[in-house]
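# Geometric and topological summary
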Amino acid sequence: MPAERAGYTVTMFLVDISPSMGAMRSVTLPDGSNGEARNIEMTKLEWSLQFVKMKIQEMIFNGRKTDQCGVVIFGSEETDNIINGKNGGYDHVAEYIQIGRPNAGTLAKLDELRASQTAGDSIDALIVGIETQDFYLEKKRTWTRKIVVVTDGENPMEIEDWEAIVTKMAGLNISLTIVGVDFDDDELPYHEEDKSTMKRANETFYARFTSSLPDGLGLFGTLERALLSLSYPHIKETKSSLLATTLRLGDVETRESEAIELGVKLAKCTSLARAGGWKKFVGVEVVEDVEPEGKVTFTEVKRRTEYFIDTSSDADADGKGTTPQDVPMDIDEEEGSKGDGMHLEKVEKEQLVRGFKYGSTYVPCPDGQFEKLRTKKGIDIYGFFQTKNLNRSYPMSEVWYVYASPTSVPDQLAFSSIVQAMYEKGVLAIARMVTRDGADPKMGVLSPVVWPGVDVLLWVQMPFADDVRHYTFPSLSVLTSRSGERITKHPYLPTEEQLEAMDMFVDAMDLTDAGEEEEDGSCPSWFDPRLSYNPSIHRTKQAQFHSAVVSDLASHPLPPPHCELTKYFNCPRRVVKAARDALEECKGIFNVKEVPKKAPRARKDGHMHARDEDEDMILLDQKGPPRKRPSTVVPSATSQALDSAFQVRAGKKKAPTSGSETETESEEELLLEAKPKQSAEPGLPTPTASPEPEPDPQRAPGRIIGNAFPLKDFRQNLKQGDVVTKAIEDLGVVVREIVGRPFGSRRKDEMLECLQGLREVCLREDEIYAWNAILQSLKKDCAAENGNKEFWTELQKLGRKISLISLNEAQKLGGMSDVSEAAAAAFMQQLAY
């Protein structure tokens, strides 16, 4: 039997709608929220159509144009089929849905089916399905043919010439699946009580009929098992189309005699699978006024892109300008503007010129793209390196097969020689791939694979040197004191006893031989990657299919996931039991205790101070060279408090003290400057990080300006030239953070100097909108209930030279601004309390 291609299949569904299919049946639903058992009453036909719609939904989900189906019903009142139209006979069989690519309308039409008052013959329907399918595929002989019969087997059949039907189906290579409602199944197990003689005889005939077909073409089962199999996670296997390209080794243009050029084929080895989106299954509810009685229709969400230019030149009286982030999205097309004094003018895409940001400016590119690198299609090998030197974290793409050309024997011999040589030497090749002439190149690695009779290369993309980021982190195993001495004993360093206990705990959790015991007494591995499925993909698919085939999710809730999806959620009980002793030993040695959650305690004055960035700094993150602390003479009471504070920093418990819950400003200064009193027992030295250079501890992730020396960092970044915009943005955020802190008044002069330098750079680098936005945000922060109003008072003393940048001031340097001169002068007059 030839291999089945993905798609290129016509499936005929033969559905029984005889009167017996209208009988009611109890269907088991998932347990309720309280664990109670639930059932629902539905007809046999409704239950059967769930299976048919699930199968059709699979075709819609895959989205292949060559995956088609048709529906034939038997037991219908009318007769409409291809055989009756030519020769008569085959009554009560109708072609309900013609063969074609299924869509949402196919599912809606199936929902309209109801049981009739006339019995139908499934054998007649089978013959009609064979002839209808054969007529449609008259010129498509290579397509796969499938027929699925759904019936309860309660009606009589004409079975005199069934051997001829088997011969016909075997000749056309048609696979037949009989799905019976309430048929007996020994594996479920299920056996219907009080089964009629007619149904028992029909079940026996169906089993005999399917077994008479060639191997692999006949399948017979019950509807309950068929619905259960649809929830089983199936891997979507696709056959990748071969892409012809060229493999080059050496310079084939200038040194052709020393180079090799081979014809090869590319094919995907792996393909990334993602959970299906909901867009194609769920629409947006739209109520049209023109439709009668407020009828609700559903339509697919579609994106629309429009372009607007803000032509406003002056801001409002309060100086509030418009930045790109402030532009609203709910713009009235007729008015063309909305809110905050904006004047938006709609423009067409053809009037725009693509620009690329470079530093603080935009470089226009009228053609839409700069000149691309002139590349030539093919795979070029640039060098080789040892396999052991491959960084396993670098591969960043799917894997591709590289085969030798199947039509060229010399290329096959040369290609096999290269693969064999790489395999014997244990090397990998650095290669550049270009899928077509002029396309962007991709750097990758070629790995040799030698199979019996087949030699191939596996290609995977690797990053360019500029794409690799190297980060340094403090050492977890090496601690040094401020004097440079290495510390061997510290609460942050594990002891030998702790290491041994953790090793035993890890060994006790080994799942290598935790599988079910086999007949020979051996225990295989518990986890098999080949049998592990992505729950997100398959559960989403199950939810989408279920929502498409049921009319009410409240009465027909989503069934539980298949057991194959959840079998690896919990580890084996005997492994948990074996690891219990090692776990308890770890708890004792590491002194692990549950930390109760502390409720926030209100201050006496009802004010909560913001936490400083280095308030909870651990010893591993303390950075900087060894330094001496200046001694400060303090009262004895304060000295005792300082000793207690430094004992906490050294990992000791702090004794409860009485007094005020809040510290005064002078006490906090002393905590930063005073030297702890030497105790009788020398405590553990406070370690620093390993000698490697580390980033600024007061610099937030993603920023280039730190909170410790913001103006110094800002000037250093300005020298680079291409990070001006980022430096301006980060400095504005840092100034707002420092000013908003409880003790921000200490750094008042430093922040004023930062703002003066920031305004000068923004005016010179055409970052006027950025400066105006930063100053407006700072004013709002200072005017807040707990804001720093004193800092804004100091800013007002500087007057107009620190205010917003107006249009007149910006035009002198060739810039633009949306703030008038009057608005800029009035901006610093008062603070809105």
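The name an unreviewed UniProt entry gives the protein is ATP-dependent DNA helicase II subunit 2, with Paxillus rubicundulus Ve08.2h10 as the organism. If you open the UniProt record of the protein and go to Sequence similarities (unreviewed entry), you find "Belongs to the ku80 family."

All right, on to the overall build of the protein then. Scanning the protein from terminus to terminus reveals 22 helices and 24 strands. In the protein, which comprises 833 residues, the proportion classed as buried is 36%. Within the protein, residue pairs in contact and separated by at least 24 positions form 70% of the contacts whose partners lie at least 6 positions apart.

With 79% of its residues at a pLDDT of at least 70, the protein reaches an overall mean of 79. pLDDT under 50 marks residues 282-298. Its contacts with residues more than four places away, or in other chains, come to 19 contacts. Every residue in residues 611-694 scores below 50 in pLDDT, and together they form 97 contacts with partners more than four places removed in sequence or on other chains.

Turning next to the sheet that holds strand S10 (residues 260-268). Hydrogen bonds between backbone groups are what pair the strands of a sheet, and the pairing can be parallel or antiparallel. Overall, mixed pairing links the seven strands, which are arranged S9-S10-S18-S21-S20-S19-S17 in a closed barrel. When the angles between neighbouring strand axes are averaged without regard to direction, this sheet yields 40 degrees. Across eight bridges, the pairing between strand S20 (residues 442-451) and strand S21 (residues 454-461) is antiparallel. In the sheet register, tryptophan 451 faces S21, and the bridge partner there is valine 454. Along the sheet, helix H8 (residues 409-425) makes contact with strand S9 (243-249), S10, strand S17 (378-386), strand S18 (400-404), strand S19 (427-434), S20 and S21, crossing S21 at roughly 70 degrees.

Counting 37 residues, the largest nonpolar core has Phe714, Ile728, Leu755, Leu758, Trp771, Phe791 and Leu795 as its most contacted members. Mapped by element, the contributors of at least two residues to this core are helix H16 (710-718), helix H17 (724-739), helix H18 (748-764), helix H19 (768-783), helix H20 (789-798) and helix H22 (821-827). Other than its neighbours up to four places away in sequence, leucine 758 contacts Phe714, Ile728, Leu731, Gly732, Trp771 and Ile774.

Attention shifts here to a nonpolar patch on the surface. On the surface, a nonpolar cluster with roughly 410 Å² of combined accessible area is contributed by Met502, Val506, Met509, Phe590 and Val592. Locating phenylalanine 590 in the fold gives a position in helix H13 (residues 580-590). Residue classification places phenylalanine 590 among the partly exposed positions, given a relative accessible area of 32%.

Moving on, we get to the side chain of asparagine 707. By the element assignment, asparagine 707 lies in the loop between strand S24 (687-688) and H16. A distance of 3.3 Å separates the side chain of asparagine 707 from the side chain of glutamate 737, its partner in a polar contact.

Right, let's get into H18. Here H18 is 17 residues long and its end C-alpha atoms lie 25 Å apart, about the 24 Å a rise of 1.5 Å per residue gives. When H18 is considered as a whole, its buried residues turn out to be Met751, Leu752, Cys754, Leu755, Gly757, Leu758, Arg759, Val761, Cys762 and Leu763. Contact partners of the buried residues in H18: H16, H17, H19, H20 and helix H21 (807-811). Residue aspartate 766 follows H18 closely and has a positive phi angle near 60 degrees.

With that settled, consider the pairing of S20. One ladder, built from five bridges, connects S19 with S20; its direction is antiparallel. Across the sheet, alanine 429 pairs through a bridge with leucine 446, a residue of S20. The turn joining S20 and S21, which pair antiparallel and follow one another in sequence, is formed by two residues; a positive phi near 85 degrees is taken by glycine 453.

Once that is clear, we can look at H20. Residue pairs three or four apart in sequence face the same way in an α-helix, which turns once every 3.6 residues. All of the buried residues along H20 are Phe791, Trp792 and Leu795. Seen along its axis, H20 keeps its buried residues to an arc of 100 degrees; they face one direction. In H20, the exposed positions that point more than 90 degrees away from the buried face belong to Glu790 and Lys797. Buried-residue contacts for H20 involve H17, H18, H19 and H22. In the stretch just after H20, glycine 799 is the one whose phi turns positive, near 75 degrees.

We now examine the packing of aromatic side chains. Evaluation of the coordinates by the stated rule reveals 14 aromatic pairs. Note on tryptophan 162 and phenylalanine 209: the rings are 6.1 Å apart at their centroids and 50 degrees apart in plane angle, and the pair reads as tilted. Of this pair, tryptophan 162 sits in helix H5 (residues 162-172) while phenylalanine 209 is found in helix H6 (residues 197-212), placing the two residues 47 residues apart along the sequence. A relative accessible area of 10% places tryptophan 162 in the buried class. Taking relative accessible area as the criterion, phenylalanine 209 reaches 3% and is therefore assigned buried. Taking 6.0 Å as the distance between ring centres and 50 degrees as the angle between the ring planes, the aromatic pair formed by phenylalanine 205 and tyrosine 206 counts as tilted. The exposure class assigned to phenylalanine 205 is buried, which follows from its relative accessible area of 9%.

Spatially, the six strands line up as an open sheet ordered S5-S4-S1-S6-S7-S8, and their pairing is mixed. Only two strands of the sheet have a single partner each, and these edge strands are strand S5 (93-100) and strand S8 (218-222). Taken pair by pair, the neighbouring strands of this sheet meet at an average axis angle of 15 degrees, ignoring direction. Inspection of the sheet shows strand S4 (residues 67-74) paired to S5 by five bridges, in the antiparallel sense. Bridged to cysteine 69 within S5 is glycine 100.

The tally for this structure, following the rule as stated, stands at 30 salt bridges. The partner of glutamate 306 in a salt bridge is lysine 346, and the shortest N-O contact between them spans 3.5 Å. On the criterion of sequence distance, the pair formed by glutamate 306 in the loop between strand S12 (296-299) and strand S13 (307-310) and lysine 346 in strand S14 (residues 344-347) is long-range, its members being 40 residues apart. Lysine 346 gets classed as partly exposed once you look at its relative accessible area, which sits at 43%. The network of salt bridges with shared partners includes Arg759, Arg800, Glu809 and Glu821.

When two helices pack together, their arrangement is given by the angle between the helix axes and the distance between those axes. Packing of H17 against H18 brings their axes to within 11 Å, and their N-to-C directions diverge by 155 degrees. Of the possible angle classes, the one that applies to H17 and H18 is roughly antiparallel. Handedness of the crossing formed by H17 with H18: left-handed. Residues Ile728, Leu731, Gly732, Val735, Ile738 and Val739 of H17 form the contact with H18, whose participating residues are Met751, Cys754, Leu755, Leu758, Val761 and Cys762. Among the residues making up the contact of H17 with H18, the classes are represented as 11 nonpolar, one polar and no charged.

The rules behind the values
- Residues numbered from 1 in each chain as written.
- Predicted model: local features only at pLDDT ≥ 70, side-chain atom pairs only at ≥ 80, totals over all residues.
- Heavy atoms only, no water.
- UniProt positions renumbered as here; feature names shortened; annotations may be inferred.
- Helix = DSSP H or I, 4+ residues; strand = E, 2+ residues; numbered from the N terminus.
- Buried < 20%, exposed > 50% of the residue type's maximum accessible area, 1.4 Å probe, protein only.
- Contact = heavy atoms within 4.5 Å.
- pLDDT = per-residue confidence, 0-100.
- Pairing = 2+ DSSP bridges.
- Axes fitted to C-alpha atoms, helices over the stretch in contact; angles between N-to-C directions.
- Core = buried A, V, L, I, M, F, W, Y, C linked by side-chain atoms within 4.5 Å.
- Patch = residues over 30% accessible without salt bridge, like charges linked within 9 Å, V, L, I, M, F, W, Y side chains within 5 Å.
- Areas by Shrake-Rupley, 256 points an atom, 1.4 Å probe, with all protein chains shown as cover.
- Salt bridge = Lys/Arg side-chain N within 4 Å of Asp/Glu carboxyl O.
- Polar contact = N/O pair within 3.5 Å; in protein donor to acceptor, adjacent residues only side chain to side chain.
- Expected span 1.5 Å × (residues − 1).
- Arc of directions from axis to C-beta.
- Phe/Tyr/Trp six-rings, centres within 6.5 Å; stacked < 30°, edge-to-face > 60°.
- Parallel < 35°, antiparallel > 145°, perpendicular 65-115°, else oblique.
- Left-handed = near helix turned anticlockwise from the far one by under 90°.
- Nonpolar A, V, L, I, M, F, W, Y, C, P; charged D, E, K, R; others polar.

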